[in-house]
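# Chains, contacts and geometry: an overview
So the chains spell out like this:
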Amino acid sequence: MELLLGHKRKQQEFSIDSISNLYSSSSSTSTSPSPPVVACFSTDDLEFRSQRDSDSSDVIKFDPRVAQVFKLGPVQSVCISEGSEVAKEDENVMHQKFQKSYSRGITIVFNNEEQSKAFHCAFDQWKKEASVQVLFKVSTWVTLVIMQCKGQLPVVDPGEASSNTSHPRNFPNKDSKGVRAWLPNGTVSTSKSKFDDKIEASSAKMYFHYYGQLLHQQNMLQDYVRTGTYYAAVIENHADFAGRVVVDVGAGSGILSLFAAQAGAKHVYAVEASEMAEYARKLIAGNPLLGERITVVKGKVEEVELPEKADILISEPMGTLLVNERMLESYVIARDRFLLPGGKMFPGTGRIHMAPFSDEYLFIEIANKALFWQQQSYYGVNLTPLYGSAFQGYFSQPVVDAFDPRLLVAPSISHTIDFTKIKEEELYEIDIPLKFTSLVGARVHGLACWFDVLFDGSTVQRWLTTAPGAPTTHWYQLRCVLLQPLYVLAGQEITGQLRLVAHNAQSYTINLTMGVKMSGPGAERGEVLQSSSCKLDLKEPYYRMSQPQAYTVAPDQQQHPLIHTQ
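Every value quoted in this text rests on a predicted model; they were computed, and no experiment measured them.

### Some details on the overall build of the protein chain
When helices and strands are counted, the protein chain shows 15 helices and 25 strands. Each of the 566 residues in the protein chain was classed as buried or not, and the buried ones make up 49%. Sequence-distant contacts, at least 24 apart, represent 74% of the contacts inside the protein chain between residues at least 6 apart. Total accessible area on the protein chain stands at roughly 26,900 Å², and carbon and sulfur atoms take up 53% of it.

### Topic: the sheet that holds strand E10 (residues 245–249)
Strands sit in the order E12-E11-E10-E13-E14 across an open sheet of five strands; the sheet is parallel. The open sheet has two free edges, formed respectively by strand E12 (294–298) and strand E14 (339–346), since each of these has just one partner strand. Strand after strand, the sheet turns through a mean of 25 degrees between neighbouring axes, direction not considered. In the sheet, E10 pairs with strand E11 (residues 267–272) via five bridges, with the strands oriented parallel. Looking at the pairing, Val 245 lines up with His 267 of E11. Contacting E10, E11, E12 and strand E13 (310–315), helix H10 (residues 255–262) crosses the sheet at an angle of about 175 degrees to E11.

### Thoughts on the pattern of salt bridges
The final tally for this structure, using the stated rule, is 24 salt bridges. Notably, a salt bridge pairs Lys 198 with Glu 424, separated by 2.6 Å at the nearest N-O pair. Of the two residues, Lys 198 sits in helix H5 (residues 194–198) while Glu 424 sits in the loop between strand E17 (413–418) and strand E18 (429–437), which places them 226 residues apart along the sequence. For the residue pair Lys 198 and Glu 424, the accessibility class agrees, reading buried in each case. Its salt-bridge partner being Arg 351, residue Asp 452 comes within 2.9 Å of it at the nearest N-O pair. Of this pair, Asp 452 sits in strand E19 (residues 442–456) while Arg 351 sits in strand E15 (residues 349–357), and the two are 101 residues apart along the sequence. For Arg 351, a relative accessible area of 18% corresponds to the buried category. When salt bridges that share partners are traced, they join Glu 13, Asp 45, Glu 47, Arg 49 and Lys 61 into one network.

### Details of the environment of Gln 506
Within the element layout of this structure, Gln 506 appears in the loop between strand E22 (493–503) and strand E23 (507–517). In sequence terms Gln 506 and Ala 204 are 302 residues apart; their C-alpha atoms lie 7.8 Å from each other. Excluding residues within four positions of it along the chain, Gln 506 makes contact with Phe 195, Ile 199, Ser 203, Ala 204, Tyr 207, Asn 324, Glu 325 and Arg 326. Engagement of the side chain of Gln 506 in a polar contact is seen with the side chain of Ser 203, the distance being 2.8 Å.

### What about the sheet that holds E18?
By way of backbone hydrogen bonds, the strands of a sheet pair with one another, either parallel or antiparallel. As summarised here, the arrangement of the four strands in space is E18-E22-E23-E24, forming an open sheet in which the pairing is antiparallel. At either margin of the open sheet sits one strand with a lone partner, and together these are E18 and strand E24 (528–537). Neighbouring strand axes in the sheet, compared pairwise and without regard to direction, differ in orientation by 15 degrees on average. Across nine bridges, E18 lies against E22 in antiparallel orientation. The residue of E22 that forms the bridge with Phe 436 is Ile 494.

### Considerations on the packing of aromatic side chains
The description of an aromatic ring pair uses the distance of the two centres, along with the angle that the planes make with each other. On inspection of all chains with the given rule, the structure shows 23 aromatic pairs. Taking the centre distance of 5.3 Å and the plane angle of 45 degrees together, the rings of Phe 41 and Phe 119 count as tilted. Of the two residues, Phe 41 sits in strand E3 (residues 37–41) while Phe 119 sits in helix H3 (residues 113–149), which places them 78 residues apart along the sequence. Each member of the pair, Phe 41 as well as Phe 119, carries the same accessibility label: buried. With a centroid separation of 5.4 Å and 50 degrees between ring planes, the pair formed by Phe 363 and Phe 395 is classed as tilted. Placement of the pair is Phe 363 in helix H14 (residues 360–369) and Phe 395 in helix H15 (residues 387–395), with a sequence separation of 32 residues. Phe 363 sits in the buried class, given a relative accessible area of 12%. One aromatic cluster is present, formed by Phe 14, Phe 41, Phe 110, Phe 119, Phe 123 and Trp 126 through successive ring pairs. Positioned above the aromatic ring of Phe 363, the side-chain terminus of Arg 443 is 5.8 Å from the ring centre.

### Regarding the pairing of E14
Along any regular strand, the residues point their side chains to alternate faces of the sheet. In the sheet, E13 pairs with E14 via four bridges, with the strands oriented parallel. Counterpart to Leu 313 in the pairing with E14 is Met 345.

### Some remarks on the packing of helix H8 (residues 224–236) against H10
Remark: H8 packs on H10, axes separated minimally by 9 Å, with the N-to-C direction vectors making an angle of 25 degrees. Taken together, the axis directions place H8 and H10 in an arrangement best described as roughly parallel. Remark: the crossing between H8 and H10 carries right-handed chirality. In contact with Thr 227, Tyr 230, Tyr 231, Val 234 and Ile 235 of H8, H10 contributes Leu 256, Phe 259, Ala 260 and Gln 262.

Each value, and the rule that gives it
Residues numbered from 1 in each chain as written. Predicted model: local features only at pLDDT ≥ 70, side-chain atom pairs only at ≥ 80, totals over all residues. Heavy atoms only, no water. Helix = DSSP H or I, 4+ residues; strand = E, 2+ residues; numbered from the N terminus. Buried < 20%, exposed > 50% of the residue type's maximum accessible area, 1.4 Å probe, protein only. Contact = heavy atoms within 4.5 Å. Areas by Shrake-Rupley, 256 points an atom, 1.4 Å probe, with all protein chains shown as cover. Pairing = 2+ DSSP bridges. Axes fitted to C-alpha atoms, helices over the stretch in contact; angles between N-to-C directions. Salt bridge = Lys/Arg side-chain N within 4 Å of Asp/Glu carboxyl O. Polar contact = N/O pair within 3.5 Å; in protein donor to acceptor, adjacent residues only side chain to side chain. Phe/Tyr/Trp six-rings, centres within 6.5 Å; stacked < 30°, edge-to-face > 60°. Lys NZ or Arg CZ within 6 Å of the ring centre and 35° of its normal. Parallel < 35°, antiparallel > 145°, perpendicular 65-115°, else oblique. Left-handed = near helix turned anticlockwise from the far one by under 90°.

Printed below as a string of structure tokens:
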């Protein structure tokens, strides 16, 4: 051990492309060296200095005990440290600086990916050697204490002993919890990612491939209800963003990060796991006045490491029926990992709305799909053995389309999810009791669903809705169609349950049960006269149409009054 510590570490240098302050727009931090820059690993420090002037006093040093390097991309990393400061010749002054609760960071741009890998390997080795130094000091203290107890040494004040050592900096106190104690503005989670545990690899691969393509991003961007509502919610509530740190969860093209920067955000971390992260970097770089305050971090929110906590999270985590794709869980995990206490979430609340509907045309359309399997001689083959399975299969698909709100037979009810409070595990199973009073006599063919989300800004509250009758969004609405319709009279009660169970293909199994209670004499006993149920896979919907059909009344259907939808 003594031999190892007595050996002077050979300096290792990297001529990197450039560095910049983490908050490049801030004038309160020291000016970073101009490119090109030399990064030098020595026994005591990691130094960044200008290559043009090796004697420059503008040198940035990082201490091995508190420095951390996080990879933002193939050729980009961020180095952060508590107490790092411009180099001083006076050791006592430097010692005082390291006593301050002060955090800073720089962004490092490497010349190529190979240099990035080599730098990170050198950094890891440098940290290991620093750990050996600390272990040696600790063991030395233990030895001194034992000798002191035996009366072989006088009592020495630890502070004096520390000040008399050859290295002037104090190592962490015994109550320290490692790096976390030195990063008041951002912690690094060491917990295993939940994403890989609960999502099958093939589903995740297809999911990230899909969202890594510009044509799908364009589809969402051209949903002007969606994009326009987000823009209005951010800009109208600029007071919530101005001077704040923002994390964009599942940033996609980076459009919401750019909105946050327009609203005056101090810095935005755009976290995106798909290849869309590279397109986001290009888009952000093409808007330099905003892009200088945005850092794209490629990776899952369950796994990435950010240098500081956020004042506000922004995300578009909604899928069909609000919960499809299970990104709400990632949004909640990001809240627990990155959001400061009392921070805001845009959006902060979601509601699933439900109402029974009557649509004879839709029911017949789905049932007729299975008629193909009733052929007894299809090229000499009898297909009828598969008719029953095919019939059930078509009814196991939830229907995604935009429908006329006059198809609803009762006022809607809603189930609220508070994103700021709900636990991730509470999204694994969602049970919603159903209770409606029919306004008309009709055949009920199933349950219609839609959702909305709230941006609870300090200045303006805005709702983004996907309700029938409202301007159509790319989410449309969703309908669960029963195998066996129910007959109801006006004033009759419809009860049941909607149960959503998450599965590892990033979606939910829908279990729907609906029943019609007795009306008139004996109704107080609550007896159910009819009931029907179905099981559907939210992952495999039937995308029926893009716009609502013209509403016509079937001969056996009554004209329904227009029911207000939220």
